[in-house]
Amino acid sequence: MKNRIYSMDSAKAVKSIEYGYLNAIHYGAPHKQAGRGNLCSHASPACIAACLGWTSGQAGMVANDADINSVRQSRIDKMVRFMTERAPYMWDMALSTALAYRKAKKAKLKLCARLNGSTDIAWEGIALDIDAKQAAHLSKIIGKRIKPGHYANMFALFHFVQFVDYTKNHLRLNRALPVNYHLTLSRSEINEKQCIAALKSGHNVAVVFGDGLPNHWNGYPVVNGDLHDLRHLDPRGGYVIGLSPKGRKAKRDRTSGFVVWNSATLALAA
């Protein structure tokens, strides 16, 4: 395997263990950082500037924003391969998912995989082919029979695994998504109108609040999304998934509108 596909030891992933899940997160270079197209088609300016996949954790440990450390380079390398060597990269993802499933099973946990840890790729439209040798290898790893053939996406191949993601592309919510793929729309400073419409339609929306979680946002109940990253466990039917700002840039953001602050906090900061 050429790249390490999943992170399973981040603080966010570890939180999921107490809920009975092994959380595997696939991080890639966000937006245009890999130089191979735009991997976050609906990203807002503030989202791009403060992206957790680039400015938080080990990826954010740089002297200057333009610097490339080993974590950033790894995420660039993965997305370059995804864009230029699609078939072998998808095999690496399939193999890594099978290994994560086996690891979860041994730990008596369920697997929950998040393919967009720092990108916004419409994975429901990314197909892959599994030949007989690959199918036999996957079957041996997971202890389930995998048939060779063409699969519409990773979710069809691993129909027994739960997948979750956030997206800023509200149009994806209108698609017939796989039953084992849960999407949460993510608010930015430019898509609030679409987020309220999604809530009205019964979809959940993640909102970043800068000074604690309110009980309601725009009339919709707020639940604490920082307890875990298992968004499929959230109540359904139009809930706001409240998140605290992560990363140095988001925590200082008082002006872009990406982070929601109450008026009293903004007045004190002025």
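Preceding this section is the structure that the text describes.
Fair warning: this is a prediction, and the values are worked out from it, not measured in the lab.

A.B. asks: An account of the overall build of the protein chain is requested, with residue identities and associated values reported.
C.D. replies: A count of helices and strands for the protein chain gives 10 helices and 11 strands. Computed over C-alpha atoms, the radius of gyration of the protein chain comes to 19 Å, within 12% of the 18 Å expected from 2.2 N^0.38 for 270 residues, which places it in the range of a compact globule. Taken over the C-alpha atoms alone, the protein chain extends approximately 65 × 40 × 35 Å along its principal axes. Here the protein chain holds 270 residues, and 52% of them are scored as buried. Long-range pairs, those at least 24 residues apart, make up 61% of the contacts in the protein chain with a sequence separation of at least 6. Here the protein chain has roughly 12700 Å² of accessible surface; of this, 54% comes from carbon and sulfur atoms.

A.B. asks: I'd like to hear about the sheet that holds strand 11 (residues 240-243), residue by residue, with values.
C.D. replies: Sheet strands associate in pairs through backbone hydrogen bonding, adopting either a parallel or an antiparallel arrangement. Read across the sheet, nine strands follow the order 1-2-3-6-7-8-11-10-9 without closing on themselves; strand pairing throughout is mixed. A single partner strand is all that each edge strand has here, and the edge strands are strand 1 (6-7) and strand 9 (216-217). Here three bridges tie strand 10 (residues 220-224) to strand 11, and the two strands are oriented parallel to one another. Note that in strand 11 the partner of V223 across the bridge is I241. Docked against the sheet, helix 5 (residues 86-106) engages strand 1, strand 2 (21-26), strand 3 (110-114) and strand 6 (162-167), running at close to 160° with respect to strand 2.

A.B. asks: Could you give an account of the packing of aromatic side chains, with specific residues and numbers?
C.D. replies: Summed over the entire model, instances satisfying the criterion amount to six aromatic pairs. Ring plane angle 70° and centroid distance 5.1 Å describe the contact between Y101 and F160, whose orientation is recorded as edge-to-face. Taken together, the residues Y101 in helix 5 and F160 in the loop between helix 7 (154-157) and strand 6 connect sequence positions 59 residues apart. Of the residues examined, F160 reaches a relative accessible area of 24% and is grouped as partly exposed.

A.B. asks: Describe the side chain of S16, naming the residues involved and giving the relevant values.
C.D. replies: With respect to the element layout, S16 can be found in the loop between helix 1 (11-14) and strand 2. Those residues in contact with S16 that sit more than four places away from it in its chain are Y21, N23, D229 and L230.

A.B. asks: Let's hear about the nonpolar core: which residues, and what values?
C.D. replies: Residues W123, M154 and L157 are the most contacted members of the largest nonpolar core, which totals 56 residues. The dominant element in this core, judged by the number of residues it contributes, is helix 5, at 10 residues. What L157 contacts, discounting residues up to four positions off in sequence, is A94, L128, I130, L138, I146 and Y151. Ranked by size, the runner-up nonpolar core spans 12 residues in total, among them A46, A206, V208 and L243.

A.B. asks: Mind laying out helix 4 (residues 70-84), listing which residues take part and the relevant values?
C.D. replies: A rise of 1.5 Å per residue sets the reference length of helix 4, with its 15 residues, at 21 Å; its end C-alpha atoms lie 21 Å apart and thus fit the reference within 8%. Among all positions in helix 4, only V71, R72, R75, I76, K78, M79, R81 and F82 are buried. The N-capping residue of helix 4, defined by a side-chain oxygen 3.3 Å from the backbone nitrogen of V71, is N69.

A.B. asks: Explain the pattern of salt bridges to me, using residue names and the numbers behind them.
C.D. replies: If you walk through the whole model with that rule in mind, you get 10 salt bridges. Of the charged contacts in the structure, one is a salt bridge between R4 and D9, with a shortest N-O distance of 3.6 Å. Residue R4 shares its accessibility class with D9, and that shared class is exposed. The salt bridge involving R187 is made with E192; its shortest N-O contact spans 3.0 Å. Connected via shared salt-bridge partners are D120, E124, R172 and R175.

A.B. asks: Before we move on, could you go through the side chain of T167 and cite the residues and values that matter?
C.D. replies: Assignment of secondary structure puts T167 in strand 6. Look at T167 and you get buried, because its relative accessible area is 1%. At 2.8 Å, the side chain of T167 and the side chain of D120 are in polar contact. Reaching out from T167, the side chain makes a polar contact with the backbone nitrogen of N169 at a distance of 3.0 Å. What T167 contacts, discounting residues up to four positions off in sequence, is D120, R172, L183, T184, L185 and S186.

Reading the values: the criteria
- Residues numbered from 1 in each chain as written.
- Predicted model: local features only at pLDDT ≥ 70, side-chain atom pairs only at ≥ 80, totals over all residues.
- Heavy atoms only, no water.
- Helix = DSSP H or I, 4+ residues; strand = E, 2+ residues; numbered from the N terminus.
- Rg over C-alpha atoms; globule rule 2.2 N^0.38 Å.
- Buried < 20%, exposed > 50% of the residue type's maximum accessible area, 1.4 Å probe, protein only.
- Contact = heavy atoms within 4.5 Å.
- Areas by Shrake-Rupley, 256 points an atom, 1.4 Å probe, with all protein chains shown as cover.
- Pairing = 2+ DSSP bridges.
- Axes fitted to C-alpha atoms, helices over the stretch in contact; angles between N-to-C directions.
- Phe/Tyr/Trp six-rings, centres within 6.5 Å; stacked < 30°, edge-to-face > 60°.
- Core = buried A, V, L, I, M, F, W, Y, C linked by side-chain atoms within 4.5 Å.
- Expected span 1.5 Å × (residues − 1).
- Polar contact = N/O pair within 3.5 Å; in protein donor to acceptor, adjacent residues only side chain to side chain.
- Salt bridge = Lys/Arg side-chain N within 4 Å of Asp/Glu carboxyl O.

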